[in-house]
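# Inside the fold
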Amino acid sequence: MASGTARYLRYILFAFFGLAVIYFISSSSNQQLPSASELLNKGLPIPGKAGASAGSGSAVKTGGSGSSDAVTPNKPAGLPPATVSGERMNATFVTLARNGDLWEIARSIRQVEDRFNRKFNYDWVFLNDKPFDATFKKVTTALVSGTTHYGEIPKKHWSFPDHIDQEKARKVREDMAQKKIIYGDSISYRHMCRFESGFFFQHDLMLNYEWYWRVEPSIELYCDIDYDTFKFMADNNKKYSFVLSLYEYMETIPTLWESTKKFMKAHPEHIPEDENSMGFLSDDGGETYNKCHFWSNFEIGNLNWLRSKAYTDFFESLDQDGGFFYERWGDAPIHSIAAGILLKKEEIHFFNDIAYYHVPFTHCPTEEKARLDLKCHCNPKDNFDWKGYSCTSRFFEINNMEKPQGFENQADS
């Protein structure tokens, strides 16, 4: 009997405890915890935040009823842009592109802005042989920190000049196609090379500037650039610069050097003998061309030099010989030969600290300290500078420059 009574008492206690739990849950369901936005907007303490006071939310910008300012993004008010102070040069980036290149050039712009231009806000000129569409303008304008300008190339700068025998030019293209010479059968590539060699700096938009930095689609910049490259060029009396150099395909320029020698003979007044970089271009004092050239998809240069009588005479002499269409002269050897014979050696600069990629070649600073200081993310094993097909060693030698420590480890084995 006693055991039965004890069992009944346990049943009663369990029932009482269960009813108490049910009552507690039902009474608590009518009380809701404030949301995060309510805590922020009302200045209430956030549960679990030690030391939070009623005024801890006052730093958050709040709006009226229904405001979404309490959620990201919350832009700090009153902070200046992260730009470098000081004067700006009369300079611009310049890109030759088509509407179909939008996302490739967008990548390049992002690289340039992140590594350099977000600190300096230089303008950007885009040129095309057709009008740019609204999407191209909208996207690139949003990406560039400076002012963007869009220009169409005049027909006379993107067509066959009157002195070209088009039937002869057509046969050349067919022959190059059979020989599988890269871009050998392309008309537009020839127009591009001629435009970049002799006309981009004459475009109405470019006449507003003294300095340019050429940028092409799908390039990469691997290191921070914390100084004004244009000002560096001006302060140090530089006219032309590069980051990569290599040998040209001789099949595309068989008579280019003969045309160059003809120009030098006709215009000795433009040639600073014994002061120029002939040693970069020729192994025998100018008798033959060794095919070395600066890779012109990256250039920082002086537009007034390109507009000078010396360069104009050089380009017009070559243009009359027809090699852009009867062969496949590229703008890289044209610019390189012009810089090599018309400028003094000290007016050409190698930007070792601008780590750069354009398929398939990479320039990456050789020395580890430089890469770390500049926050580079390039693989030094990819550096092309000291490979057998690079001409950068030759540039160092003619200028009596000491090669960086460890260069021999990056040379061809």
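Rules used throughout
- Residues numbered from 1 in each chain as written.
- Predicted model: local features only at pLDDT ≥ 70, side-chain atom pairs only at ≥ 80, totals over all residues.
- Heavy atoms only, no water.
- Helix = DSSP H or I, 4+ residues; strand = E, 2+ residues; numbered from the N terminus.
- Contact = heavy atoms within 4.5 Å.
- Areas by Shrake-Rupley, 256 points an atom, 1.4 Å probe, with all protein chains shown as cover.
- 1 Å grid on protein atoms, 1.4 Å probe; cavity = no way out; pocket = protein on both sides within 12 Å on 5 of 7 lines; lining within 4 Å.
- Points joined across faces, edges and corners; volume = space filled by probe spheres on them.
- Nonpolar A, V, L, I, M, F, W, Y, C, P; charged D, E, K, R; others polar.
- Pairing = 2+ DSSP bridges.
- Expected span 1.5 Å × (residues − 1).
- Axes fitted to C-alpha atoms, helices over the stretch in contact; angles between N-to-C directions.
- Parallel < 35°, antiparallel > 145°, perpendicular 65-115°, else oblique.
- Left-handed = near helix turned anticlockwise from the far one by under 90°.
- Disulfide = S-S within 2.5 Å.
- Buried < 20%, exposed > 50% of the residue type's maximum accessible area, 1.4 Å probe, protein only.

A word on the overall build of the chain. Within the chain one finds 15 helices and 12 strands. The long-range share in the chain, meaning contacts at least 24 apart out of those at least 6 apart in sequence, stands at 77%. Total accessible area on the chain is roughly 21,800 Å²; 54% of this is exposed by carbon and sulfur atoms.

What follows concerns the layout of surface pockets. In this structure, the largest pocket encloses a volume near 1,100 Å³. Surrounding the largest pocket, 38 residues form its lining, Tyr183, Tyr189, Met192, Glu216 and His358 being those nearest its centre. Looking at the lining of the largest pocket, the elements that each hand over two or more residues are helix 6 (187-198), strand 7 (245-247) and helix 13 (331-342). Per-element accounting of the lining of the largest pocket gives the leading share, five residues, to helix 6. Here the residues of the lining of the largest pocket sort into 20 nonpolar, nine polar and nine charged.

Our focus in this paragraph is the sheet that holds strand 11 (residues 356-358). Taken in spatial order, the three strands of this open sheet run 5-11-12, and their pairing is antiparallel. Edge positions in the sheet fall to strand 5 (220-221) and strand 12 (361-363), since each has one partner strand and no second. Where strand 5 meets strand 11, two bridges bridge the pair, whose relative direction is antiparallel. Opposite Glu220, over in strand 11, you have Tyr357 as the bridge partner.

Turning to helix 11 (residues 309-321), a few remarks are in order. An α-helical turn contains 3.6 residues, so any two residues separated by three or four positions project in the same direction. Taking 1.5 Å of rise per residue, 13 residues should cover 18 Å, and helix 11 covers 18 Å from first to last C-alpha, within 8% of that figure. Summarising the contacts, the buried residues of helix 11 are in contact with helix 6, helix 8 (256-266), helix 10 (303-306), helix 12 (323-326) and helix 13. Looking one or two residues past helix 11, Gly322 carries a phi angle of roughly 85°, positive in sign.

Across the interface, helix 6 lies against helix 13 with an axial gap of 8 Å and an inter-helix angle of 20°. Our classification of the angle between helix 6 and helix 13 gives roughly parallel. The way helix 6 lies across helix 13 gives a crossing that is right-handed. Contacts between helix 6 and helix 13 involve Met192, Cys193, Glu196 and Ser197 on the former and, on the latter, Asp331, Ile334 and His335. Split by residue class, the contact of helix 6 with helix 13 holds three nonpolar, two polar and two charged.

A few words on the state of the cysteines. Following the criterion strictly, the structure yields three disulfides and no others. The residue that forms a disulfide with Cys223 is Cys376, at a sulfur-sulfur distance of 1.8 Å. Its S-S torsion of about 115° marks the bond between Cys223 and Cys376 as right-handed, since a negative value means left-handed. One end of the pair, Cys223, is in the loop between strand 5 and helix 7 (229-235); the other, Cys376, is in the loop between helix 14 (368-373) and helix 15 (392-398), with 153 residues separating them in the sequence. Here Cys223 falls in the buried class, since its relative accessible area comes to 1%. Shown here is the disulfide that connects Cys292 with Cys391, its sulfur atoms set 2.1 Å apart. Judged by the sign of its S-S torsion, about -85°, the cystine formed by Cys292 and Cys391 is left-handed.

Attention now goes to the environment of Ile219. Relative to the helices and strands, Ile219 resides in the loop between strand 4 (211-214) and strand 5. Overall, the relative accessible area of 2% leaves Ile219 in the buried class. Remark: the alpha-carbon pair of Ile219 and Asn297, spanning 78 residues in sequence, is separated by 9.1 Å. Apart from residues no more than four positions distant in its own chain, Ile219 is found in contact with Arg107, Ser108, Gln111, Val112, Tyr356, Tyr357 and His358.

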